[in-house]
Amino acid sequence: MVRTPLTPEERERGERLGRLLRDARGARSMTDVAAEAGISAETLRKIETGRAPTPAFFTVAALARALGLSMDEVAERCELAGVPVKNP
């Protein structure tokens, strides 16, 4: 399966998500947060650094729960200035 290349906006949204998660994690270890969310530390590292800019919904939801963030907050903080997150 060939993936469509990400748009610059999608890459920027992934970077915003990574920053949000890193900031919310604070002093907690990456390993502890990843374990609580049920993902690998490497997956969390890729998301936080923007190398995985479009993680699966349930991965984001599990991380939000582990970090005490609401999904509304994640969506609001990751949207681009003036470009709302699309709702299906």
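Located above this text is the structure these notes cover.
Everything in this summary refers to the structure shown in the same document. The structure presented is a predicted model; accordingly, all values stated were derived computationally and were not measured.

## Considering the nonpolar core
Judged by nonpolar contacts, the single largest core of 19 residues is most densely connected at Leu17, Leu21, Leu44, Leu63, Leu69 and Val74. Listed by contribution, the elements that provide at least two residues to this core are α1 (8-25), α2 (30-37), α3 (41-49), α4 (57-67) and α5 (71-78). Counting residues per element, this core draws most heavily on α4, which supplies 6 residues.

## Some words on the side chain of arginine 25
Looking at the element boundaries, arginine 25 is found in helix α1. At a separation of 2.9 Å, a polar atom in the side chain of arginine 25 contacts the main-chain carbonyl oxygen of arginine 28. Other than its neighbours up to four places away in sequence, arginine 25 contacts Met30, Val33, Leu44, Glu48 and Leu67.

## Some remarks on the environment of methionine 30
Residue position: methionine 30 is located in helix α2. Separated by 15 residues in the primary sequence, methionine 30 and arginine 45 place their C-alpha atoms 7.5 Å from one another. If we skip the residues at most four places from it in the chain, methionine 30 touches Arg25, Ala41, Leu44, Arg45 and Glu48.

## Concerning the pattern of salt bridges
Any two side chains of opposite charge can pair if their charged atoms end up close together. Evaluated as defined, the whole model comprises 7 salt bridges. Note that glutamate 12 and arginine 16 form a salt bridge whose closest N and O atoms lie 3.2 Å from each other. On the criterion of helical spacing, the pair formed by glutamate 12 and arginine 16 is a turn pair, its members being 4 residues apart in helix α1. We classify arginine 16 as partly exposed; its relative accessible area is 24%. Of the charged contacts, one joins glutamate 73 and arginine 77 as a salt bridge, the two residues approaching to 3.5 Å between their closest N and O atoms. Here glutamate 73 pairs with arginine 77, and both are found in helix α5, just 4 residues apart, close to one helical turn. Classification of glutamate 73 as partly exposed rests on a relative accessible area of 28%. Note on arginine 77: relative accessible area 44%, which makes it partly exposed. It is possible to trace a salt-bridge network through shared partners that takes in Glu12, Arg16 and Arg19.

## A short note on α3
When we look at burial in α3, the residues that qualify are Leu44, Ile47 and Glu48. Around the axis of α3, the buried residues are gathered within 95° of arc, so they sit on the same side. Against α1, α2 and α4 lie the buried residues of α3.

What counts and how
Residues numbered from 1 in each chain as written. Predicted model: local features only at pLDDT ≥ 70, side-chain atom pairs only at ≥ 80, totals over all residues. Heavy atoms only, no water. Core = buried A, V, L, I, M, F, W, Y, C linked by side-chain atoms within 4.5 Å. Buried < 20%, exposed > 50% of the residue type's maximum accessible area, 1.4 Å probe, protein only. Helix = DSSP H or I, 4+ residues; strand = E, 2+ residues; numbered from the N terminus. Polar contact = N/O pair within 3.5 Å; in protein donor to acceptor, adjacent residues only side chain to side chain. Contact = heavy atoms within 4.5 Å. Salt bridge = Lys/Arg side-chain N within 4 Å of Asp/Glu carboxyl O. Arc of directions from axis to C-beta.

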